[in-house]
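Spelled out, the chains give:
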Amino acid sequence: RPGGYAGAAMAMDGSVGQPELDQPLADRFVSLPLGASNSSSLDPAIAPRPSVDEARVLPRTDVLQTGGPSTEQASPRFLRMTVNAAPNSTATLNKSGLPFGAVLQPLAPARLPGEEAVPVVGFAGGGVVRCRRCRTYINPFVNWLDGGRRWKCNLCYLVNEVPAEYFGPIDEYGRRRDAHERPELSQGTVEFVASADYMVRPPQPPVYVFLVDVSYHAVATGMVATVAQTVREAINDLPGDVRTQVSVVAYDSAVHFFNLSANLSQPQLITVPDIADVFLPLPDDMLVNLQESRTLVEALLERLPNMFAGTQVLDAALGPALKAAFQLMQHVGGKLHVFATALPSIGEAKLRNREDGRRGSGTAGGAKGGGPQQNNLLLPEESFYKKLAVECSRQQICCDVSLFGATYTDAVTLGQLAKHTGGSVYHYPGFTAARDGAVVRKELRHNLTREQGWEAVMRVRCSQGVKITGFFGHFFVRGTDLLALPNVDADKSFSVTLGLEENAVTATHVAVQAALLYTTSSGERRIRVHTVSVPVLPTIADLFAHADVEAITALTAKLGAERALAGKLQEGRELIQNKCIDMLQGFRQICPPDAKQSGNILLPEPLRILLP
């Protein structure tokens with residue numbers, strides 16, 4: 001197995017308190033000499049980057065012992081553990097310095113030849129088979145008892161009765177004989193068709209609302225024309241069916257609505273200048289069925305740049321426009337795309353240019369991430385956007401924010417809209433259509449046409465003895481561990497950090513299961529389940545042999561970013577640096593004494609590309 005562990009652990013001198021030494025692994029360590037004598041950098045040629053195919057090959061153990069690599073484990077494109085093993089104790093984990101967690105991309109698309117589509121499973125009658133205590137979904141790693149009449153949950157170890165209609169005999173390995181015929185028993189990733197029990201209302205239709213800044217700079221830079229053209233070209237490829245709904249709202253110093261009723265021959269512009277009390281002039285005719293009003297929607301997008309071509313308005317009332325868009329969508333939910341060039345300058349939730357104060361105060365320390373003025377720039381200034389985002393999440397509204405300003409746009413504050421609704425932030429500083437138009441068109445079209453899930457929630461479960469200590473990504477947490485995702489797309493990823501509930505783990509394997517309940521663009525309620533089971537191993541050498549450098553890098557970067565945004569940039573940098581040092585120290589203690597005396601950086605094979 002590439003990068004795997006092939007030898008037994010050995011104690012150094014047998015003395016108490018000495019670091020463990022795995023001689024076979026230590027003999028295969030990567031000794032990376034530093035560059036030139038006057039340089040402290042590593043030579044990238046010593047540790048070349050792997051290809052995409054090479055990066056997909058992971059040292060994940062075939063825990064079912066079926067004689068070779070199998071599909072029982074969820075594909076790494078969906079769920080990657082930072083270490084494809086679990087430590088047997090807190091002491092082992094802490095000594096290794098390795099981060100313990102997982103990176104999830106629940107709707108990840110197929111990227112390599114041979115990657116198959118996720119199988120869809122429907123249960124008749126009794127519904128999806130789940131553990132009655134911890135609610136784990138049936139998966140390839142459960143244990144079958146009493147000739148197949150009962151099954152033992154691999155997360156909480158409760159013994160459950162098998163429904164009569166689901167009974168099947170087991171083989172000499174304790175596996176169901178029909179496992180190869182049932183994707184949920186033979187594949188680590190599966191999608192269940194959800195019953196009515198998983199619905200609180202009829203499945204949501206795909207809804208797209210485009211909120212476009214039409215102030216002077218937005219028009220002059222070509223942003224309005226670029227966005228309108230891209231949406232018009234992508235309108236026929238939007239995921240969805242005959243239920244898809246669309247609306248366009250524009251704003252500058254006022255809020256501009258468009259009547260797109262199918263009974264009209266052309267779209268009608270309705271302007272609401274009173275931004276102190278914005279209302280919907282025609283609630284039933286602004287959010288329309290795309291199939292019925294396609295001609296009017298396309299005509300509006302074609303004419304939109306010319307409608308405001310001569311504008312001299314510099315102000316932007318984004319706050320009132322957002323409230324109007326919320327009123328338009330709150331009864332159904334959907335995707336709100338915000339395109340902003342000017343900093344919100346009038347009306348509710350207006351913002352100020354906080355960079356002016358920083359420059360005026362002369363923060364020499366701020367350049368290093370230590371000045372109080374710069375630290376404040378990493379924190380949201382106005383609570384309106386977070387409060388609105390939380391309310392959007394409750395109403396199943398996801399916000400994507402695209403910023404095009406040439407001057408300060410306060411991405412941190414406006415980004416709260418995306419952070420708490422499962423959306424994304426796109427930043428095109430100093431946008432001009434001639435230079436950046438192609439990039440915007442490509443990214444916006446991809447955003448609109450990729451696979452998407454609606455009104456979703458996700459929960460991550462772990463085996464008894466392991467706990468989740470943190471979540472990272474764009475979502476809103478309901479309760480303690482339910483991630484609310486009004487919209488989740490093929491590119492969205494999330495990370496979790498794991499810890500041990502007790503000082504020692506007595507089980508032989510640890511499982512992690514992520515379940516995403518969502519509505520497809522075609523209106524089906526589905527549950528996508530990813531399950532991984534890894535062995536519990538006793539030594540530091542074992543953990544390093546099963547490390548996944550890509551997952552470690554992704555999780556460590558998110559930890560650093562979270563720390564930077566919560567405090568100081570310098571604290572984020574130091575966290576990442578300290579994590580790397582901890583890993584180097586953890587591995588160095590199991591290397592031979594003569595290797596430790598060298599001035600080289602010692603790395604295990606799986607982590608050879610971590611530092612360059």
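Residues numbered from 1 in each chain as written. Predicted model: local features only at pLDDT ≥ 70, side-chain atom pairs only at ≥ 80, totals over all residues. Heavy atoms only, no water.

Chemist: Kindly report on the packing of helix α6 (residues 223-234) against helix α8 (residues 290-307), identifying the contributing residues and their values.
Modeler: Running from N to C, α6 and α8 cross one another at 165°; their axes reach a closest spacing of 8 Å. Relative to α8, the element α6 lies roughly antiparallel. Seen along the crossing, α6 lies across α8 with a hand that is left-handed. Judged by residue contacts, Val224, Ala225, Ala228, Val231 and Arg232 of α6 engage Glu298, Leu301, Glu302, Leu304 and Pro305 from α8. Here the residues of the contact of α6 with α8 sort into seven nonpolar, no polar and three charged. (Axes fitted to C-alpha atoms, helices over the stretch in contact; angles between N-to-C directions. Helix = DSSP H or I, 4+ residues; strand = E, 2+ residues; numbered from the N terminus. Parallel < 35°, antiparallel > 145°, perpendicular 65-115°, else oblique. Left-handed = near helix turned anticlockwise from the far one by under 90°. Contact = heavy atoms within 4.5 Å. Nonpolar A, V, L, I, M, F, W, Y, C, P; charged D, E, K, R; others polar.)

Chemist: Talk me through the pattern of salt bridges; I want residue IDs and the actual numbers.
Modeler: Applying the stated criterion across every chain, the model contains 24 salt bridges. One salt bridge in this structure joins Glu72 and Arg175, with 3.5 Å as the shortest N-O distance. A residue pair is termed long-range when its members are at least 10 positions apart, and Glu72 in the loop between α2 (52-56) and β2 (79-81) and Arg175 in the loop between β8 (159-161) and α4 (183-186) qualify at 103 residues. Given the relative accessible area of 6%, Glu72 is considered buried. Between Glu381 and Arg354 there is a salt bridge, with the nearest N and O atoms lying 4.0 Å from each other. (Salt bridge = Lys/Arg side-chain N within 4 Å of Asp/Glu carboxyl O. Buried < 20%, exposed > 50% of the residue type's maximum accessible area, 1.4 Å probe, protein only.)

Chemist: Now, about unusual backbone geometry: what can you tell me, with residues and values included?
Modeler: One non-glycine residue, Tyr157, lies in the positive phi region at around 70°. Position of Tyr157 relative to the elements: it lies in the loop between β7 (150-152) and β8. In this structure, Glu455 takes a positive phi of about 35° despite not being glycine. As for its placement among the helices and strands, Glu455 is situated in strand β18 (residues 452-462).

Chemist: Can you explain empty space enclosed by the protein? Please cite residues and give values.
Modeler: Under the counting rule described, the total for this entry stands at two cavities of 30 Å³ or more. Considering only enclosed or pocket space, the largest cavity measures out at about 90 Å³ in volume. In terms of lining, the largest cavity is formed by His337, Val338, Phe339, Asp400, Ser402, Phe404, Tyr426, Tyr428, Val440, Glu443, Leu444 and Asn447. Mapped onto the lining of the largest cavity, the elements with two or more residues apiece are β15 (334-340), β16 (397-403) and α15 (433-449). Top element by residues in the lining of the largest cavity is α15. It accounts for four residues. Of the residues in the lining of the largest cavity, the class split is seven nonpolar, three polar and two charged. (1 Å grid on protein atoms, 1.4 Å probe; cavity = no way out; pocket = protein on both sides within 12 Å on 5 of 7 lines; lining within 4 Å. Points joined across faces, edges and corners; volume = space filled by probe spheres on them.)

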